[in-house]
Amino acid sequence: MSIKSFASKQFSTHLLDERRRDKARARAERERRRKGEPHRIEFFHQVDDPYSHLLAQALVKLRERYDVEVVTWLVEPPEDWAAPARALLESYSLVDARRLAEKGGFHATSETRPEPEAVLEAQERLAATLPSPGEPASEATLEVAVELGRELWEGESRGRRRTQCAASVRTALGAGTARRAELGHYLGGTCFYGGEWTWGIDRLAYLEERLADLGARRSSGTMTEQIPPAADAGQRAGAPTPIYAQPRLLEEPVPADALEAADLPDLHFFASFRSPYTWISTERVIRLAEAFNVNLRIRFVLPMVMRGLPVKRSKRVYILLDAAREARRNGVQFGPISDPVGKPVERGYSLLPWAIEQGRGIEYFRSFMTLAFSQAVDAGSDRGLRRIVEEAGLDWTEGRGYLDDPAWREEAERNREELFDLGLWGVPSFRVGSVAAWGQDRLWVLEDEYRRLAGE
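Notes on the structure in this doc start here. Along each chain, residues carry numbers from 1 onward, in the same order as the chain's sequence is written. This being a predicted model, a pLDDT of at least 70 is required before a residue's local features are given, and a value of 80 or more before pairs of side-chain atoms are given or counted; all residues contribute to the totals for chains, interfaces and linings. Only hydrogens and water are set aside; all other atoms, that is, all heavy atoms of the structure, feed into the side-chain values.

1. Some remarks on the packing of aromatic side chains
1) Next: Aromatic pairing here means that ring centres of Phe, Tyr or Trp (its six-membered ring) are within 6.5 Å. Orientation follows from the plane angle: under 30 degrees is stacked, over 60 is edge-to-face, and everything else is tilted. According to the stated counting rule, one finds 18 aromatic pairs in the structure shown.
2) Next: Residues Phe 273 and Phe 365 carry aromatic rings whose centres are separated by 5.4 Å and whose planes lie at 40 degrees to one another, so their mutual orientation is tilted. In this pair, Phe 273 is assigned in the loop between β5 (267–271) and α10 (276–291) and Phe 365 in helix α13 (residues 361–374), connecting sequence segments 92 residues apart.
3) Next: Residue Phe 365 is classed as buried on the basis of its relative accessible area, which comes to 2%.
4) Next: Taken together, the ring pairs in this structure connect Phe 269, Phe 273, Phe 300, Tyr 349, Tyr 364, Phe 365, Phe 368, Trp 408 and Phe 430 into an aromatic cluster.
5) Next: The criterion is that NZ of a Lys, or CZ of an Arg, lies within 6 Å of the ring centre and within 35 degrees of the ring normal, and then a charge sits over that ring. Over the ring of Phe 420 we find Arg 416, and its NZ or CZ is 4.8 Å from the ring centre. Counting from the N terminus, the helices are the DSSP runs of H or I reaching at least four residues and the strands are the DSSP runs of E reaching at least two. Partly exposed describes any residue whose relative accessible area lies between the buried limit of under 20% and the exposed limit of over 50%, with all areas from a 1.4 Å probe on protein chains only and scaled to the type maximum.

Printed below as a string of structure tokens:
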């Protein structure tokens, strides 16, 4: 194992250690009790971010269920390093947030972004509800954020109530953005509680679970709702129904007669050998393709950092921690990891077209991801890559003849271009016919489309 591979294994093993996490949680709770403070959630709200609008609504419900205080901060959009394809992100977020709103029963955002004047008006009105330094947090700010969000996304706000308090907006945005950076994050639509982050409504169930474990549940209202025993891993039987529970994949069987009558399109899997989220989606993607009896096409692309796009430490840390909890929820072994960035990815990609030609592309892809992300096998070494190849049922002697063949680069670039044409930029992403989605937690979008096409 190379020094770099060993270092990445040590770093990820320490970071993902559940005992370390549990000790950190216990320290945070002891400190909260020592200071006599409430369970305080810090919410970082970006007014023109559709995910922030959904999360604000969910936090109102959370506060009804749990004995918590929600402190709302106004924040600026993420910096360029955190949003390397900003135009695509802003466009796709509108589509994605509407899907989430429909699935979770929230007020949806519009199909277009609000005008800058309307955004500034909403910021001014929200900033006016924020407490001055040293004053206690105002619980009303969250409700105001939801109300203003409804007006903003329904096009009712047109700058008519402008108070010309640009200075107060700058102050509020500066304070919130600085606090977010101090705590170690970079996006709007995020919550911080007791040393841990949750983004959007997708991860809110983790915060609910933690608050329940701390005894913060209120005894009335919707708390009587229960999760059935067949719920996803990570949602314990008997626990309260989350405000937003990620849809479970293939919960209902696929009727064989529907598949026989349908001519279903391929499932395109835009993936990267360096992506933790790609790894934790791999088995579910394969299962989805098998359930609908469709061809799974692996569309590999270079990792962002290998395309010259920066990924700062705070983002790397959050991604690893978030991927780990999502892996636990889905029953996927995550770690120890040997980060394949650089030469290991290139060597792995050089063999992928050959593996596909041999009819073992999926097996090779699965083998690479499994060994790199759950057994810390160094794909940059001949010994490690040989193990990956042979566990995929391929011949190493034949395969090594394709090592360092640059032909894969053209295919990777074509895949990246198509990904961008779809309005997407990151992995894992997926396409079924004309429907595309980004993220390992959006496979339900593809399942819904397959069921629609099959005429269910």
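So, next bit.
2. Topic: the packing of α10 against α13
1) Next: Angles here are taken between N-to-C directions and fall from 0 to 180 degrees, while the axes themselves are lines fitted to C-alpha atoms, restricted in helices to the stretch in contact. Between α10 and α13, whose axes approach to 10 Å, the crossing angle comes to 140 degrees. In terms of orientation, α10 and α13 fall into the oblique class. Classified by chirality, the crossing of α13 by α10 is left-handed. Along its contact with α10, which presents Pro 276, Thr 278, Trp 279, Thr 282, Glu 283 and Ile 286, the element α13 presents Ile 362, Phe 365, Arg 366, Met 369, Thr 370, Phe 373 and Ser 374. Orientation is classified from the angle alone, with under 35 degrees giving roughly parallel, over 145 giving roughly antiparallel, 65 to 115 giving roughly perpendicular, and any other angle giving oblique. A crossing counts as left-handed when the near helix is turned anticlockwise from the far one by less than a right angle, and as right-handed when that turn is clockwise. The contact criterion used is simple: two residues touch if any of their non-hydrogen atoms lie within 4.5 Å.

3. Here's the deal with the nonpolar core
1) Next: Ranked by internal contacts, the top residues of the largest apolar core, which has 116 residues, are Leu 267, Phe 334 and Tyr 364.
2) Next: By residue number, the principal contributor to this core is helix α3 (residues 50–65), which donates eight residues.
3) Next: With residues near it in sequence (within four places) discarded, Tyr 364 still touches Phe 273, Arg 347, Gly 348, Leu 351, Leu 352, Ala 355, Leu 385, Ile 388, Val 389, Ala 392 and Leu 394.
4) Next: Of all hydrophobic cores here, the second largest spans 16 residues; its members include Leu 74, Leu 94, Val 119 and Ala 127. Residues enter a nonpolar core if they are buried and are Ala, Val, Leu, Ile, Met, Phe, Trp, Tyr or Cys, with the set joined through side-chain atoms within 4.5 Å.

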